[in-house]
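# Structure at a glance
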Amino acid sequence: MSVEENVKLVRAKIDAAAKEAGRDPGEVTLVAATKVQTSETIREAIAAGITVCGENRVQELTAHLEDNAYEGAEVHFIGHLQTNKVKYIVGRVDLIQSVDSPRLLEAIAAQAAKVGVTQDILLEVNIGDEESKGGCPVGELRDLARQAAQTPHVRLLGLMCIPPVVDDPVEARPYFEKMRKLFVDIKQEMGDNETDMKYLSMGMSGDFEEAVRCGATHVRVGTALFGARPPMHPQK
Ligand SMILES: *Cc1c(COP(=O)(O)O)cnc(C)c1O
């Protein structure tokens, strides 16, 4: 199947899952997870209707930006971000989805101040409280959200997660439901006037329909659009 056919198929599944859950399909954005893809493939995806590309690696993002590969689409940073790489990202992407510590938040805010922008962000939550995973521990999320809401030059728009790997997408459901509850509770606790929280980014190739049923506004899909990736080399 071509990228174009895959985009149509995934989009149709998102729309069906949204309708099933009584939601407006227009509330759900399909983010193409473009790691390891070429600029040419990215352009193909955008021509097929992709409106947001999600990048994991600073180096790939920089190369694709130089290539103008994202023309016609937004770019989100969705990967693990080191504080020393923040300068390559802030002000160059529409949304950083993967903010997971006070230190990273401060580094992003400092760089945003330096270049004179307000950077939109999501907080990444380690929803399964897994030892070896990035994301803010659930128990520290409220403090981080409060800090983000009070920090100039960043705007907190919501939450993101990568749940534990499961065999059956139905098993991801409790994690998605927990995310949805955290999202609603934190939004409410912070007061609707004081927060711009509106996005919930969850669901990947194996479980995006389940995530949509549980309230996702952004699903991040790679394999189902572009096919299987070669094995990952270690992240630099
Ligand atoms: C690679 C990646 C995805 C997409 O994963 P697939 O299983 O290929 O759909 C989503 N989110 C993040 C953060 C990723 O790194």
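Residues numbered from 1 in each chain as written. Predicted model: local features only at pLDDT ≥ 70, side-chain atom pairs only at ≥ 80, totals over all residues. Heavy atoms only, no water.

Attention now goes to the packing of helix α4 (residues 102-115) against helix α5 (residues 141-150). At a minimum axis distance of 10 Å, the contact between α4 and α5 shows a crossing angle of 10°. Considered as vectors, α4 and α5 are oriented roughly parallel to each other. α5 is crossed by α4, and the crossing has right-handed handedness. Residues Pro 102, Leu 105 and Glu 106 of α4 touch α5, and the partners they reach there are Leu 144, Gln 147 and Ala 148. Class assignment of the residues belonging to the contact of α4 with α5 gives a composition of four nonpolar, one polar and one charged. (Axes fitted to C-alpha atoms, helices over the stretch in contact; angles between N-to-C directions. Helix = DSSP H or I, 4+ residues; strand = E, 2+ residues; numbered from the N terminus. Parallel < 35°, antiparallel > 145°, perpendicular 65-115°, else oblique. Left-handed = near helix turned anticlockwise from the far one by under 90°. Contact = heavy atoms within 4.5 Å. Nonpolar A, V, L, I, M, F, W, Y, C, P; charged D, E, K, R; others polar.)

We now examine the site of the ligand. Every residue lining the ligand is accounted for by Ala 33, Lys 35, Asn 56, Ile 78, Ile 162, Met 204, Ser 205, Arg 220, Val 221, Gly 222, Thr 223 and Arg 229. In this structure, an oxygen atom belonging to the ligand sits 2.7 Å away from a side-chain N or O atom of Asn 56. Within the side chain of Ser 205, one N or O atom sits 2.5 Å away from an oxygen atom of the ligand. When its residues are assigned to classes, the shell around the ligand shows five nonpolar, four polar and three charged. (Near = heavy atom within 4 Å. Polar contact = N/O pair within 3.5 Å; in protein donor to acceptor, adjacent residues only side chain to side chain.)

Residues Ser 39, Thr 41, Ile 42, Ala 45 and Ile 46 constitute the buried set of helix α2 (residues 39-47). The buried residues of α2 occupy one face: seen down the axis, they fall within an arc of 160°. Across α2 from its buried face, at more than 90 degrees, point the exposed residues Glu 40 and Ala 47. For α2, the secondary structure elements touched by its buried residues are α1 (3-20), β2 (52-55), α3 (58-66) and α8 (223-226). The first or second residue beyond α2 is Gly 49, which carries a positive phi of 115°. (Buried < 20%, exposed > 50% of the residue type's maximum accessible area, 1.4 Å probe, protein only. Arc of directions from axis to C-beta.)

That is the geometry; function is a separate question.
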